[in-house]
Amino acid sequence: RTWLLPLIRRHARGASLVYWGDQLLASARALGGLAAGYIKAGAAHEQQALRCRALELQIWGTLPAFATWASDTAQGFSTLTPKLGAAFQNRADLHPAICNTIATICLQNRLTLQAAGGGDLVAPGQPLPNVAQPSSAAPADAHPSGFDDDDASPADTDDVPESYTEEVATRNIAALRQLSMSWLPALCSAFVATSASERAPLGQAIAAYASICTPDVVGGFFRKALQKIIQAVNEAAADAMSEGKGGGKGGAVTAASSERRGTFTDLA
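The sections below set out a description of the structure shown in this document. Small disclaimer: the values here were computed from a predicted structure and weren't measured.

Turning our attention to the packing of aromatic side chains. In this description, an aromatic ring pair is defined by two values, namely the gap between the centres and the angle between the planes. All told, the structure shown has 5 aromatic pairs when counted by the stated rule. Pairing Y19 with F66 gives two aromatic rings, centres 6.3 Å apart and planes at 10°, and the pair type is stacked. One end of the pair, Y19, is in helix 2 (residues 17-41); the other, F66, is in helix 4 (residues 63-67), with 47 residues separating them in the sequence. The class for Y19 is partly exposed, based on a relative accessible area of 46%. Overall, the relative accessible area of 7% leaves F66 in the buried class. Ring centres 5.2 Å apart and planes at 65° place the aromatic pair W20 and W60 in the edge-to-face group.

Its identity is not glycine, yet W69 carries a phi of approximately 50°, on the positive side. Looking at the secondary structure, you find W69 in the loop between helix 4 and helix 5 (73-90). Classification of W69 by relative accessible area gives buried; the value is 4%.

An ideal rise of 1.5 Å per residue puts 18 Å on 13 residues; helix 7 (residues 166-178) measures up with 18 Å between its terminal C-alpha atoms. Looking at the packing, one finds that the buried side of helix 7 touches helix 5, helix 6 (95-115), helix 8 (180-193) and helix 9 (200-210).

Criteria and cut-off values
- Residues numbered from 1 in each chain as written.
- Predicted model: local features only at pLDDT ≥ 70, side-chain atom pairs only at ≥ 80, totals over all residues.
- Heavy atoms only, no water.
- Phe/Tyr/Trp six-rings, centres within 6.5 Å; stacked < 30°, edge-to-face > 60°.
- Helix = DSSP H or I, 4+ residues; strand = E, 2+ residues; numbered from the N terminus.
- Buried < 20%, exposed > 50% of the residue type's maximum accessible area, 1.4 Å probe, protein only.
- Expected span 1.5 Å × (residues − 1).
- Contact = heavy atoms within 4.5 Å.

If you want it as structure tokens, here you go:
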């Protein structure tokens, strides 16, 4: 039945996050355990390990689809957060699926409130962050989770379901805001620790989550990023002065500080 996974990933809408957590997550974990066992068994079992790992990632790739106009966002995302948080911390290869899920939930509920006149969530004119949709048939050299930046946005902004009323979206965003101090620090830390070429899903998730948070929450993270930028600038300036006096470390500190400054500038 694995042929169903690309269809689910592409077409599932209005499903249950609780169901995904109860049923599909268990299957993904079982496959991950099998893959780990095959890897430990040695090179003779490499193909079995690769197949199990690929299936595990394909199941994780269905999560954003289950999050698309989910029927139980407030309950489901709150219930899933401890498990998703653990997976996020331990498995960088699951970042695209988890980040896409977060962005989808945040943007769709924000969109629903804006369409209903509840546009006080963000400053007028602030654009919706652009997020990649999981692709139904990823090429061989694509990311193993099946995500393709050329796909359409999962915010699915053209057609808000009738079931997504202002009341539902308000309840969902209240639940998301309660979890913001669990997710935003983890997302920001991962963003800083990830190479620039792999940061896009993290940046999109951070932008989407920030767009539904209160100004005081977003302001706190923004100030911390600015502090890191100022610290990097000061370190580079101090190293340049020391080098000019015959000391310093030959620009090594300056280069590292410049890279760190760029990272936190992107984050801010």
